[in-house]
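Understanding the architecture of this molecule
The primary structure of each chain is shown beneath.
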Amino acid sequence: MKSISLNIEKALGAISKDSVYSQADQVNKFNHVLEDGTGKGSDYLGWLHLPSAITDAELTDIEQTAEVLRSKCDVVVAIGIGGSYLGTRAVVEALNNSFDALLTERTNPVMLYAGHNIGEDYLYELTNYLKGKQFGIINISKSGTTTEPALAFRLLKKQLEDAVGKEEAKHRIVAVTDASKGALRTLANQEGYKTFVIPDNVGGRFSVLTPVGLLPIAVAGISIRDLVAGAVAMEAQTGVDVPFEQNPSAIYAATRNALYQSGKKIEILANFHPKLHYIGEWWKQLFGESEGKEGKGIFNAAVDLTTDLHSMGQWIQEGERTIFETVISIEKPNHTVLIPTDEADLDGLNFLAGKHVDDVNKMAELGTQLAHVDGEVPNLKITLPLVNAYYIGELFYFFERACGMSGYLLGINPFDQPGVEAYKKNMFALLNKPGFEKESEAIKAKL
Ligand code: PA5
């Protein structure tokens, strides 16, 4: 079986090879710190051996529950935000038809998302769309108290119960949450929903390979066994016994660190396949929320190319020289589209006739890489042989392991997120939430 691979050659003009490889001992040490659980945030290392620890019985339980939802529902709404949302969407959008919601002949339920925003118009349109549809809900929240998903669930639960009755609604709602704490756990126990547990020691952004991601991904008709198998393979390739030069996550962490130390403060994750858009969103959360602390951390941005070459391309080529880019490159698309000959050739494209669309895309990718490197944007390349569940599983784990090592290289705790509480406190104070009276006074004085 092939594997995803990392190539850092085109970054080695901006930084020396030595600046990467001289970190070998330190990065290996931090890989051991992860393994031994002796670093900051060690209560949250459950993701480290999650792929190889998932049992057949756990996967079967998820698949059977997915099958119940698939058999009952034409539409399934996955409710969640951040780590309880982005991994699922990344996999589903990468692997399912781009026009899925518009297909009339279906083998899978339409997957929709809620609880990742507080948009009144969004929720109006969603609840309107669901009228008269056979729908189900997967409500995902590790804490079980996050406002955005709780709000969406309150609305959709009522709509479902009004439509099919409380008893049937019970069979169409699945909760993924903490084993014992939080409002969602209390509600699920009270209502008798089928539930799955998010382990205590797995943080939200590292939870895609728990039922958080696996259940909705299975509902979407994607093989969760392939996804997990890919992650298992990468777990082995990035373990503590693997030498630095053969460990892609270690090299990625060291290269990012060398670039950061050389003044490259922004990393852009670029793809040339629009279906990978949400992989970029998932990656932004993983690294942004893990590393942006104590006044440190690379700023993570993501672009879809060639689309964004016609917008952000100018900035990337000639803006402030504080960026580097990591490109997710796909060796072979899953489908074939050949460029036809046109007799009049008014668009002048006959020189491409007979070629694959991907031949053009590949040259755009190569041309972009050369232009950006010329423009002092160091380039890292991660190649996937194909876009499938197995390689996405590899990719997820590759990034997670790199993120752990990278956070320790920065000297921060990669597994907490104290900064995300600030807006919540203000929002609750502004909304006069009971218990926030003191904060309400303080914040109103600032208005
Ligand atoms: O990575 C994290 O911990 C966060 O982004 C959470 O995933 C996000 O805030 C959602 O939290 P919860 O699943 O508790 O609703």
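Quantities reported herein were computed from a predicted structural model and do not represent experimental measurements.

Cut-offs applied
- Residues numbered from 1 in each chain as written.
- Predicted model: local features only at pLDDT ≥ 70, side-chain atom pairs only at ≥ 80, totals over all residues.
- Heavy atoms only, no water.
- Salt bridge = Lys/Arg side-chain N within 4 Å of Asp/Glu carboxyl O.
- Helix = DSSP H or I, 4+ residues; strand = E, 2+ residues; numbered from the N terminus.
- Buried < 20%, exposed > 50% of the residue type's maximum accessible area, 1.4 Å probe, protein only.
- Axes fitted to C-alpha atoms, helices over the stretch in contact; angles between N-to-C directions.
- Parallel < 35°, antiparallel > 145°, perpendicular 65-115°, else oblique.
- Left-handed = near helix turned anticlockwise from the far one by under 90°.
- Contact = heavy atoms within 4.5 Å.
- Nonpolar A, V, L, I, M, F, W, Y, C, P; charged D, E, K, R; others polar.
- Domains from an automatic or database assignment.
- Buried area = accessible area lost by both parts, 1.4 Å probe.
- Near = heavy atom within 4 Å.
- Polar contact = N/O pair within 3.5 Å; in protein donor to acceptor, adjacent residues only side chain to side chain.
- Areas by Shrake-Rupley, 256 points an atom, 1.4 Å probe, with all protein chains shown as cover.
- Pairing = 2+ DSSP bridges.
- Expected span 1.5 Å × (residues − 1).

Quick word on the pattern of salt bridges
- Tallying each qualifying case throughout the model produces 25 salt bridges.
- Ionic pairing is found between Arg 401 and Glu 35, a salt bridge with its closest N-O pair at 3.3 Å. Of this pair, Arg 401 sits in helix H16 (residues 389-410) while Glu 35 sits in helix H2 (residues 24-36), and the two are 366 residues apart along the sequence.
- Note that Lys 157 is salt-bridged to Glu 191, the shortest N-O span being 3.5 Å. Remark: Glu 191 occurs in helix H9 (residues 183-191) and Lys 157 occurs in helix H7 (residues 147-164); sequence separation between them is 34 residues. Neither Lys 157 nor Glu 191 differs from the other in exposure class; each is buried.
- Ionic contacts of the salt-bridge type, sharing partners, join the residues Lys 157, Glu 161, Lys 166 and Glu 191 into one network.

Describing the packing of helix H6 (residues 120-130) against H7
- Look at H6 against H7: their axes get within 11 Å of each other, and the N-to-C directions meet at 20°. By the angle between their axes, H6 is roughly parallel relative to H7. The way H6 lies across H7 gives a crossing that is right-handed. Residue-level contacts link Leu 123, Leu 126, Thr 127 and Leu 130 of H6 to Ala 152, Leu 155, Leu 156 and Gln 159 of H7.
- Partitioned by chemical class, the residues of the contact of H6 with H7 number 6 nonpolar, 2 polar and no charged.

Focus: the domain arrangement of the protein
- In terms of domain boundaries, the protein breaks down into domain 1 (5-43 + 228-414) and domain 2 (50-225).
- Measuring from the centre of the C-alpha atoms in domain 1 to the corresponding centre in domain 2 gives 29 Å.
- Between domain 1 and domain 2, the residue contacts involve 26 residues of the former and 28 residues of the latter.
- For the pair domain 1 and domain 2, the two sides together bury roughly 2200 Å², of which 63% comes from carbon and sulfur.
- Here Glu 289 and Arg 205 are joined by a salt bridge, their closest N and O atoms 3.3 Å apart.
- Taken together, the elements giving at least two residues each to the side of domain 1 that touches domain 2 come down to helix H11 (224-237), helix H13 (277-291) and H16.
- For the side of domain 1 that touches domain 2, the class distribution of residues is 16 nonpolar, 3 polar and 7 charged.

Notes on the site of the ligand
- Close to the ligand lie 13 residues; Ser 84, Ser 141, Lys 142, Thr 146 and Gln 285 are nearest.
- Within the backbone of Lys 142, one N or O atom sits 2.7 Å away from an oxygen atom of the ligand.
- Separating an oxygen atom of the ligand from a backbone N or O atom of Arg 205 is a distance of 3.0 Å.
- When the ligand is considered free in solution it has 390 Å² of accessible area, and contact with the protein chains removes 87% of it.
- Of the residues contributing to the shell around the ligand, the split by class is 1 nonpolar, 9 polar and 3 charged.

Describing the side chain of Thr 368
- In this fold, Thr 368 is placed in helix H15 (residues 357-374).
- If we skip the residues at most four places from it in the chain, Thr 368 touches Phe 272, Leu 305 and Leu 309.

Observations regarding the packing of helix H5 (residues 86-95) against H16
- Packing of H5 against H16 leaves a shortest axis separation of 11 Å and a crossing angle of 145°. In this structure, H5 crosses over H16, and the sense of that crossing is right-handed. Listed contacts from H16 to Gly 87, Ala 90, Val 91, Ala 94 and Leu 95 of H5 are Ala 389, Ile 392 and Phe 396.
- For the contact of H5 with H16, the residue count by class is 7 nonpolar, 1 polar and no charged.

Considering the pairing of strand E4 (residues 135-141)
- The element E4 is largely enclosed, with a buried count of 7 among its 7 residues.
- Here E4 shows two buried faces, one formed by Phe 135, Ile 137, Asn 139 and Ser 141 and the other by Gly 136, Ile 138 and Ile 140.
- Pairing of strand E2 (residues 75-79) with E4, which is carried by 5 bridges, proceeds in the parallel orientation. From the neighbouring strand, Ala 78 faces E4, where its bridge partner is Ile 138.
- Bridge count between E4 and strand E5 (residues 173-177): 5 bridges; the pairing is parallel. Bridge assignment links Ile 137 to a residue of E5, and that residue is Ile 173.

Things to note about H2
- Taking 1.5 Å per residue, 13 residues should reach 18 Å; H2 reaches 18 Å between its end C-alpha atoms and fits that length.
- Turning to H2, its buried residues are Ala 24, Val 27, Phe 30, Asn 31, Val 33 and Leu 34.
- In this fold, the buried residues of H2 make contact with helix H1 (17-21), helix H12 (248-261) and H16.
- Gly 37 sits one or two residues past H2 and shows a positive phi near 65°.

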